[in-house]
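Listed below, chain by chain, are the residues.
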Amino acid sequence: MIKMKKVFTAILLSLSAAFLVGCTNTQKTNSSVSSVPESSVVSSEIQGSQEKSDDEKSVSEKSADGKSADEKSTGEKSADEKSVDEKSDAESSEENSDEGSSEEEKSDAESSEEENSDEESSEEESIEHEPLLSFKLQIDDVIYQLPFDSVELRDNGYYLTKDGEVEPQTYSRSLEWKNDYGNTIITQLWNPSDKKKEYNDCEVGSVEIKLGEKLDVVMPGGFVFDLDVTPDMIKEQYGEPESEHIYNDYVTLRYKVDLSQSVEFFVYTNEEYAKFSSVTIKNFS
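Calculation rules
- Residues numbered from 1 in each chain as written.
- Predicted model: local features only at pLDDT ≥ 70, side-chain atom pairs only at ≥ 80, totals over all residues.
- Heavy atoms only, no water.
- Core = buried A, V, L, I, M, F, W, Y, C linked by side-chain atoms within 4.5 Å.
- Buried < 20%, exposed > 50% of the residue type's maximum accessible area, 1.4 Å probe, protein only.
- Contact = heavy atoms within 4.5 Å.
- Phe/Tyr/Trp six-rings, centres within 6.5 Å; stacked < 30°, edge-to-face > 60°.
- Helix = DSSP H or I, 4+ residues; strand = E, 2+ residues; numbered from the N terminus.
- Salt bridge = Lys/Arg side-chain N within 4 Å of Asp/Glu carboxyl O.
- 1 Å grid on protein atoms, 1.4 Å probe; cavity = no way out; pocket = protein on both sides within 12 Å on 5 of 7 lines; lining within 4 Å.
- Points joined across faces, edges and corners; volume = space filled by probe spheres on them.
- Nonpolar A, V, L, I, M, F, W, Y, C, P; charged D, E, K, R; others polar.
- Polar contact = N/O pair within 3.5 Å; in protein donor to acceptor, adjacent residues only side chain to side chain.
- Patch = residues over 30% accessible without salt bridge, like charges linked within 9 Å, V, L, I, M, F, W, Y side chains within 5 Å.
- Areas by Shrake-Rupley, 256 points an atom, 1.4 Å probe, with all protein chains shown as cover.
- Lys, Arg positive; Asp, Glu negative; His and termini not counted.
- Charge placed at Lys NZ, Arg CZ, Asp CG, Glu CD.
- Pairing = 2+ DSSP bridges.
- Arc of directions from axis to C-beta.

### A look at the nonpolar core
Part 1 of the reasoning: In terms of nonpolar packing, the biggest core is built from 37 residues, with Leu189, Val207, Ile209, Met219 and Phe265 touching the most fellow members.
Part 2 of the reasoning: Apart from the residues within four sequence positions on either side, phenylalanine 265 is in contact with Leu132, Met219, Phe225, Ile234, Tyr238, Val251, Thr252, Leu253, Tyr255, Ser278 and Val279.

Shown next as C-alpha cells:
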C-alpha cells in the first residue's frame with residue numbers, strides 16, 4: 001500500500017514537472033513573439049506600401065511613356081498615311097487627267113477618221129451619181145477631177161518618163177507616166193498660164209487608160225471599164241454617143257461638149273485585141 005502511494009506520488013510529480021516546463025516554453029514563445037516591435041511591423045508595412053506605390057508609379061510612368069510613344073508613333077503614322085493618301089490622290093488625279101486627255105485624243109482621232117471616211121464616202125458617191133461629162137475618173141480607188149495638178153499623179157506613185165516644157169496656153173503631146181509596178185497612164189499636160197512651164201508644173205488635161213495596164217478603172221455613174229465591156233454596155237449606161245464609128249475589129253464612141261471637152265471609148269470587138277481597148281477623158285477648160 002505504501003509502495004503504491006510512492007508510485008502515485010512519483011507520477012504526480014512527473015506530471016507537475018511536465019506542466020511547469022510547458023508553461024515556461026509557452027511564455028518564452030509569447031515573449032519572443034511580443035518582443036518584435038510594433039513600429040517595425042508598421043514601418044515594414046509602410047515601406048512595403050511605399051515600394052508598392054513606387055512600383056505602381058514606375059509602371060504608371062512606363063505606361064504613360066509607352067502611351068506617349070504610341071501616340072507619337074500613331075501621329076507619325078497618321079502623317080505618313082496622310083502623305084501617302086495625298087500622293088495617292090495626286091497620282092489618281094494625274095491618271096484621271098491622262099485618261100481624260102487620252103480619251104479626248106482618241107475622240108479627236110476617231111472624229112478625224114470619221115470625217116475622212118465621210119469625205120471618201122462622199123467622193124465615191126459623187127462619182128457614182130455624176131454624169132459622164134463631169135470629167136471624173138477613178139483609178140485604183142483614187143478619184144481625179146480633170147483638169148488636175150500633175151503633182152497628184154506623183155503623190156500616187158507615178159513619174160514621167162521624160163522632161164520638157166509646155167508653151168503658154170497650149171498642151172503637150174502624149175506623155176507616159178509609170179509606177180513601180182509597171183503600170184502606165186498616158187496624159188497630155190496643159191499649160192493655161194502666160195509663161196512656159198516644166199512638165200511637172202503643168203496640169204493634166206487629158207488621161208488615157210488602156211485595159212492591158214490592168215488598172216481598176218471606174219467611170220462616172222459607177223461604170224466599170226474592164227475587159228468585159230462592150231459598145232452596147234457603154235450606150236446602155238450613157239445613152240447614144242455624139243458620134244459612133246464601127247470598124248471590122250473595133251468601135252469608137254465619142255461623148256463631148258466641144259473639141260476641148262470629151263470622153264471617147266475605143267473598144268475592140270475582137271477578143272484577141274481586147275487588151276488594147278481604151279478610154280480617153282479630155283478637159284482643157
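Having put the structure on the table, let's press on.
### Focus on the packing of aromatic side chains
Part 1 of the reasoning: Tallied over the full model, the rule gives 14 aromatic pairs.
Part 2 of the reasoning: For the ring pair phenylalanine 223 and tyrosine 238, a centre distance of 5.7 Å and an interplane angle of 70 degrees mean the geometry is edge-to-face. With phenylalanine 223 in strand β12 (residues 223-224) and tyrosine 238 in helix α4 (residues 231-238), the pair connects residues that are 15 residues apart, well separated along the chain.
Part 3 of the reasoning: Here tyrosine 250 and tyrosine 268 contribute two aromatic rings whose centre-to-centre distance is 5.5 Å and whose plane-to-plane angle is 55 degrees, an arrangement assigned as tilted. Taken together, the residues span a long stretch of sequence, with tyrosine 250 in strand β14 (residues 250-258) and tyrosine 268 in strand β15 (residues 261-268) at a distance of 18 residues.
Part 4 of the reasoning: In this structure tyrosine 268 comes out as partly exposed when scored by relative accessible area, which is 22%.

### Quick notes on the environment of lysine 282
Part 1 of the reasoning: Along the chain, lysine 282 falls in strand β16 (residues 278-283).
Part 2 of the reasoning: C-alpha of lysine 282 to C-alpha of proline 147: the two residues are 135 residues apart in sequence and 8.1 Å apart in space.
Part 3 of the reasoning: If we ignore the near neighbours within four places in the chain, the residues touching lysine 282 are Phe135, Gln188, Gly205, Ser206, Ser260, Gln261 and Ser262.

### Examining the environment of glycine 205
Part 1 of the reasoning: Position of glycine 205 relative to the elements: it lies in strand β10 (residues 203-210).
Part 2 of the reasoning: C-alpha of glycine 205 to C-alpha of serine 285: the two residues are 80 residues apart in sequence and 8.3 Å apart in space.
Part 3 of the reasoning: Those residues in contact with glycine 205, other than ones at most four positions away along the chain, are Leu146, Pro147, Gln188, Trp190, Ile281, Lys282, Asn283 and Phe284.

### Considerations on the pattern of salt bridges
Part 1 of the reasoning: Throughout the structure, instances matching the rule amount to five salt bridges.
Part 2 of the reasoning: Residue lysine 196 pairs with glutamate 167 through a salt bridge whose shortest N-O separation is 3.4 Å. Placement of the pair is lysine 196 in the loop between β8 (184-191) and β9 (197-198) and glutamate 167 in the loop between β5 (165-166) and β6 (170-171), with a sequence separation of 29 residues.

### Some details on the layout of surface pockets
Part 1 of the reasoning: Size it by volume and the largest pocket reaches roughly 150 Å³.
Part 2 of the reasoning: Along its surface, the largest pocket is lined by 14 residues, and Leu227, Val229, Thr230, Tyr268 and Thr269 are the ones closest to its centre.
Part 3 of the reasoning: Residue composition of the lining of the largest pocket, by class: seven nonpolar, four polar and three charged.

### Overview of the side chain of serine 243
Part 1 of the reasoning: Within the secondary structure layout, serine 243 lies in strand β13 (residues 243-246).
Part 2 of the reasoning: A distance of 3.5 Å separates the side chain of serine 243 from the side chain of glutamate 242, its partner in a polar contact.
Part 3 of the reasoning: Setting aside residues up to four positions removed in sequence, serine 243 forms contacts with Thr252, Leu253 and Arg254.

### Considering a negative patch on the surface
Part 1 of the reasoning: A contiguous patch of negative charge on the surface is contributed by Asp149, Glu152, Asp155, Asp163, Glu165, Glu198 and Asp201.
Part 2 of the reasoning: Take aspartate 149: it is sitting in strand β3 (residues 148-149).

### Points about the sheet that holds strand β11 (residues 217-219)
Part 1 of the reasoning: A sheet is described by the order of its strands in space; here four strands give the open sequence β2-β1-β11-β12, paired in antiparallel fashion. Each having just a single partner strand, β2 (142-145) and β12 make up the two edges of the open sheet.
Part 2 of the reasoning: In the sheet, strand β1 (residues 136-139) pairs with β11 via two bridges, with the strands oriented antiparallel. Opposite isoleucine 139, over in β11, you have valine 217 as the bridge partner.

### A short note on α4
Part 1 of the reasoning: Considered for burial, the residues of α4 that qualify are Pro231, Ile234, Lys235 and Tyr238. Take α4 and look down its axis: the buried residues cluster within an arc of 95 degrees, on one side only. Of the residues in α4, the exposed ones pointing more than 90 degrees away from the buried face are Asp232 and Glu236.
Part 2 of the reasoning: Buried residues belonging to α4 abut β11, β12, β13, β14 and β15.
Part 3 of the reasoning: The positive-phi residue at the C-terminal boundary of α4 is glycine 239, with phi of around 85 degrees.

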